[in-house]
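The chain contents come next:
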2 protein chains.
Amino acid sequence: MSKSVKVKLNCPAPVQEFDSITIGHGGGGKLTQNLLKSGVFSLLNNEWLREQGDAAVIQLNGKIAFSTDTFVVSPLLFPGGTIGDLAVNGTVNDLAVSGARPLYLSLSFILEEGLEMTLFYQILQSIRDACVEAGVEVVTGDTKVVEKGKGDQIFINTTGIGETHPKANMGMNRIKGSDAILLSGPVARHGITIMSKRNGLEFETKLNSDTRPLHRICLELMDKFGSKIHLMRDPTRGGVATVLNEIAEQTGLGINLIEKELPVEDEVAGACEMLGLDPLYVANEGLFVAIVDAEIAEECLDLLQKWEHGSSAAIIGEVTEDHPNKVVLHSSIGGRRVLAQASGELLPRIC
Amino acid sequence: MSKSVKVKLNCPAPVQEFDSITIGHGGGGKLTQNLLKSGVFSLLNNEWLREQGDAAVIQLNGKIAFSTDTFVVSPLLFPGGTIGDLAVNGTVNDLAVSGARPLYLSLSFILEEGLEMTLFYQILQSIRDACVEAGVEVVTGDTKVVEKGKGDQIFINTTGIGETHPKANMGMNRIKGSDAILLSGPVARHGITIMSKRNGLEFETKLNSDTRPLHRICLELMDKFGSKIHLMRDPTRGGVATVLNEIAEQTGLGINLIEKELPVEDEVAGACEMLGLDPLYVANEGLFVAIVDAEIAEECLDLLQKWEHGSSAAIIGEVTEDHPNKVVLHSSIGGRRVLAQASGELLPRIC
């Protein structure tokens, strides 16, 4: 999968009647058909899309995970990804951390009049590449167009369906007061990449977004540890601090977070300082938090560290019955402070 | 279900910290949580939403229909409905015409900074009411906020899952050269309602949108006629003419459409004349086309006409092996003309 900012057109771009999206492309008539045929259907070719029905019919049995996400990230292209692969990986990962194998996606666009066809096609290609990498199929979709000034080039919704792992038994109610908290890799890469790009700092760092599918490692954890994994979450908007606060609030338990165990890359730390951001509140895309039975914590860490993106995975803290509903950060120099829930206005349109 | 333009706040509107949506409501932190708790979660309360997981886990077995639609209709409130019930019914109907019983929906918002809280809450209530009427549950969702001028108040994506009826056996490849074409009711109500409202003509007509769930009647047809129903489609964007053209194109067969059999209400016909629109190309919401084996056409019509919204259902034409790929309209005064595929720019943002 191409991870450069300039997505390469690795097959000839289709001949289009228009250089950019017009209102007519959203009318459901001939223009819509031509747009889909030349782009979506040729790139994401499969039996379901060829049928062009109002719904795709798929065979499913058992416990199914179902998740939706809309992507409004700005800018659309950034180091390490595009809104397109973010849209695929984001929903794939919501299924992954729910203990499911992602299988099928729906894909729905809101295009703004004037969106350049070549940009749309680049994004479609990144969607295709991300689907291939994650092993999922787009089986149904929708395309709407809004007038210039009523959107922002492109918004994407993906909704996904996955088969839940037979050993998955996770939920807030499974978390115990002695559980260990693991993090699968370094924090804040995605958010810092986007913020650097927005602030024109991208040439001062080599940072890339960490957008990637997580289901293979999540399913491996399920295979090996089953119900000893009590919860997994991907700390996207609001970052690690927000996920931990949600856990503390919903379980009524407390959380101890050990600052010196937190994997933060030097470049991320530097950019955070420059931008005035706390990396614990910055969005991630290819990262997950796992709350696990303390007795398997070390073994779980070993497995995570063997994963190609897990070399800096760490046990970052523990759940506790002390200080209910509070996340307490134990700082490297010995202090303690409550890590509050973010109010949320720091980093708009990060995903 | 309230069908008036002014959606009634039939339970006290929650106390909000803000009169309108701010960028912070999309940050994933405390503001997002408060917004969801006071609105979505309290109105659409169920076990899945209470869990607040990254994905909902549901039990499914067999052939499952999966469909997505994004709604960008303008205006947001119109006679007979809102963008909210349109978003529920639209996806419910995509499942319905696929021969499925709609069960679960995902619900995803793109809110524009500045959207009035009371309007958002009205729309949420219409979503709740439409879900109750259709018997479906919203089990997972997402809320994003974009800056003022980068959206248009609210866009909604719904993606739905339904169980396919065991007797459903539909598809373009099931259509035969002698099939009958039925229409479940009068054409063009939704599109004309929206266009009248946009053009300030709504006080000259009593027209309401025909937005409504169709699955009960569609499933009744499946029960009774099974595989003799060869295809169903809901003629939304692009209207009846577009659906028939898609069928002609994809099957390689021809279609004869009998103008005098087409149910068009006087008010719709009048408004179409005033607005310069052909009702066959105007969007519908609570209408479907059924292509059925000729031998059951009359019986099928009887059943449709007994449906509460089907009094003007009609057999409007037939599939033929003559004039492949062409839809030919036989006019009331004896002429014949090809009903071309719309290019699609006539009616933007109708759904």
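Conventions adopted
Residues numbered from 1 in each chain as written. Chains lettered and ligands numbered in written order. Predicted model: local features only at pLDDT ≥ 70, side-chain atom pairs only at ≥ 80, totals over all residues. Heavy atoms only, no water. Helix = DSSP H or I, 4+ residues; strand = E, 2+ residues; numbered from the N terminus. Rg over C-alpha atoms; globule rule 2.2 N^0.38 Å. Buried < 20%, exposed > 50% of the residue type's maximum accessible area, 1.4 Å probe, protein only. Contact = heavy atoms within 4.5 Å. Areas by Shrake-Rupley, 256 points an atom, 1.4 Å probe, with all protein chains shown as cover. Buried area = accessible area lost by both parts, 1.4 Å probe. Salt bridge = Lys/Arg side-chain N within 4 Å of Asp/Glu carboxyl O. Nonpolar A, V, L, I, M, F, W, Y, C, P; charged D, E, K, R; others polar. Pairing = 2+ DSSP bridges. Axes fitted to C-alpha atoms, helices over the stretch in contact; angles between N-to-C directions. Parallel < 35°, antiparallel > 145°, perpendicular 65-115°, else oblique. Left-handed = near helix turned anticlockwise from the far one by under 90°. Phe/Tyr/Trp six-rings, centres within 6.5 Å; stacked < 30°, edge-to-face > 60°. Lys NZ or Arg CZ within 6 Å of the ring centre and 35° of its normal. Polar contact = N/O pair within 3.5 Å; in protein donor to acceptor, adjacent residues only side chain to side chain. Domains from an automatic or database assignment. Least-squares fit on C-alpha atoms with pLDDT ≥ 70 in both. Right-handed = clockwise from strand over helix to strand, strands pointing away.

### A closer look at the overall build of chain A
Step number 1: Check the secondary structure of chain A and you find ten helices and 13 strands.
Step number 2: The globule rule puts the C-alpha radius of gyration for 351 residues at 20 Å, and the 21 Å found for chain A is close to it.
Step number 3: Here chain A holds 351 residues, and the buried ones make up 64% of them.
Step number 4: Sequence separation of 24 or more characterises 87% of the internal contacts of chain A that already satisfy a separation of 6 or more.
Step number 5: Only carbon and sulfur atoms are counted for the fraction: they give 48% of the accessible area of chain A, which is about 12700 Å².

### Some remarks on the interface of chain B and chain A
Where the parts come together, the accessible area they lose is often given as the size of the interface.
Step number 1: Taken residue by residue, the interface counts 78 residues in chain B and 78 residues in chain A.
Step number 2: In total, chain B and chain A occlude about 6100 Å² of area from one another, counting both sides; carbon and sulfur atoms represent 51% of this.
Step number 3: Per-residue buried area on chain B facing chain A is highest for D54, F66 and R237 of chain B; these three make up 14% of the total on that side.
Step number 4: The interface formed by chain B and chain A contains twelve salt bridges.
Step number 5: Close ionic contact of D152 of chain A with K150 of chain B constitutes a salt bridge, the shortest N to O distance being 4.0 Å.
Step number 6: The leading source of residues in the side of chain B that touches chain A is strand β1 (residues 56–71) of chain B, at 15 residues.
Step number 7: Residue composition of the side of chain B that touches chain A, by class: 27 nonpolar, 32 polar and 19 charged.
Step number 8: For strand β1 (residues 56–71) of chain A and β1 of chain B, the ladder comprises eleven bridges, and the chain directions are antiparallel.

### Points about the packing of helix α6 (residues 189–198) of chain A against helix α9 (residues 266–275) of chain A
Residues and elements named next belong to chain A.
Step number 1: α9 packs onto α6 with a crossing angle of 50 degrees between their chain directions and a minimal axis gap of 10 Å. In terms of their interaxial angle, α6 and α9 are classed as oblique. The crossing of α6 and α9 is left-handed. Contacts between α6 and α9 involve R189, I192, M195 and S196 from the first element and V268, A271, C272 and L275 from the second.
Step number 2: Broken down by class, the residue content of the contact of α6 with α9 amounts to six nonpolar, one polar and one charged.

### So, the packing of aromatic side chains
Step number 1: The tally for this structure, following the rule as stated, stands at six aromatic pairs over all chains.
Step number 2: Measuring from centroid to centroid gives 6.4 Å for F288 of chain B and W307 of chain B, while their planes differ by 55 degrees, and the two rings are tilted. Here the residue F288 of chain B occupies a position in the loop between α9 (266–275) and β10 (289–292), and W307 of chain B occupies one in the loop between α10 (297–306) and β11 (314–320), the gap between them amounting to 19 residues.
Step number 3: Its end group placed over the ring of F71 of chain B, K144 of chain A keeps NZ or CZ at 5.6 Å from the ring centre.

### Digging into the environment of E113 of chain A
Residue and element names in this part refer to chain A.
Step number 1: Position of E113 relative to the elements: it lies in the loop between β4 (100–112) and α5 (117–134).
Step number 2: Look at E113 and you get partly exposed, because its relative accessible area is 27%.
Step number 3: The spatial distance from the C-alpha of E113 to the C-alpha of N325 is 47 Å, given a sequence separation of 212 residues.
Step number 4: In this structure, E113 is in contact with I21, T22, I23, V145, V146, E147 and K148, ignoring residues within four places of it in sequence.
Step number 5: Polar contacts involving the side chain of E113 include one to the main-chain amide nitrogen of K148, which spans 2.9 Å.

### Examining the side chain of N256 of chain A
Residues and elements named next belong to chain A.
Step number 1: When you line up the elements, N256 lands in strand β9 (residues 254–258).
Step number 2: Within the structure, the side chain of N256 is placed 2.8 Å from the side chain of H323, a separation counted as a polar contact.
Step number 3: Among the polar contacts made by the side chain of N256, one reaches the side chain of H330 at a distance of 2.9 Å.
Step number 4: Contacts of N256, omitting those with residues within four sequence positions, involve I316, G317, E318, T320, H323, V328 and H330.

### Considering the sheet that holds strand β12 (residues 327–330) of chain A
Residues and elements named next belong to chain A.
Step number 1: Pairing in this open sheet of seven strands is mixed, and the strands run β8-β10-β7-β11-β9-β12-β13 from one edge to the other. With partners counted over all chains shown, the strands left at the sheet margins are β8 (229–233) and β13 (336–338), one partner each. Neighbour-to-neighbour, the strand axes of the sheet open up by a mean angle of 25 degrees, direction not taken into account.
Step number 2: In this sheet, β13 lies alongside β12 in antiparallel orientation, the contact comprising three bridges. Considered in β13, the bridge of H330 is made with R336.
Step number 3: Each of β7 (180–183), β8, β9, β10 (289–292), β11 (314–320) and β12 is contacted by helix α8 (residues 239–251), which is oriented at about 150 degrees to β9, the strand it contacts most.

### Some thoughts on the domain arrangement of chain A
Residues and elements named next belong to chain A.
Step number 1: Examined at the domain level, chain A breaks down into domain 1 (23–164) and domain 2 (172–338).
Step number 2: The partner domain 2 presents 22 residues to the 24 residues of domain 1 that form the contact.
Step number 3: For the pair domain 1 and domain 2, the summed buried surface comes to about 1800 Å²; carbon and sulfur atoms form 62% of the total.
Step number 4: It is P79, N93 and V97 in domain 1 that bury the most area against domain 2; as a group they hold 30% of the surface buried on that side.
Step number 5: At the surface where domain 1 touches domain 2, the tally comes to eight residue pairs in polar contact (both at pLDDT 80 or more).
Step number 6: Contributions of two or more residues to the side of domain 1 that touches domain 2 are made by β2 (77–78), α4 (83–96), β4 and α5.
Step number 7: In terms of residues, the side of domain 1 that touches domain 2 owes the most to one element, α4, which gives eight residues.
Step number 8: Grouping the constituent residues of the side of domain 1 that touches domain 2 by class yields twelve nonpolar, eight polar and four charged.

### Concerning the relation of the copies chain B and chain A
Between the two copies of the chain lies a relationship made up of a rotation around an axis and a movement along it.
Step number 1: Superposition of chain B onto chain A requires a rotation of 180 degrees combined with a translation of 0.0 Å along the rotation axis, giving an RMSD of 0.0 Å. The transformation relating the two chain copies, once decomposed into turn and shift, fits a two-fold axis.
Step number 2: A share of 100% of the interface residues of chain B reappears at the interface of chain A, consistent with the copies meeting face to face through the same patch.

### Things to note about helix α7 (residues 215–225) of chain A
All names here are of chain A.
Step number 1: Residues of α7 that are buried: H215, I217, C218, L219, L221, M222 and F225.
Step number 2: Elements in contact with the buried residues of α7: α4, β4, α5, β8 and α10 (297–306).
Step number 3: Residue G226 follows α7 closely and has a positive phi angle near 45 degrees.

### Observations regarding the pairing of strand β4 (residues 100–112) of chain B
Residue and element names in this part refer to chain B.
Step number 1: Within β4, eleven of the 13 residues are buried, which leaves the element mostly enclosed by the surrounding structure.
Step number 2: Pairing geometry for β4 and strand β6 (residues 154–164), over eleven bridges, is antiparallel. Directly across from R101, in β6, lies its bridge partner E163.
Step number 3: As paired strands, β4 and strand β5 (residues 137–146) are joined by nine bridges and run parallel to one another. For E112, the partnering residue across the bridge sits in β5 and is V146.
Step number 4: Between the parallel elements β4 and β5, the chain passes through helix α5 (residues 117–134) in a crossover that is right-handed.

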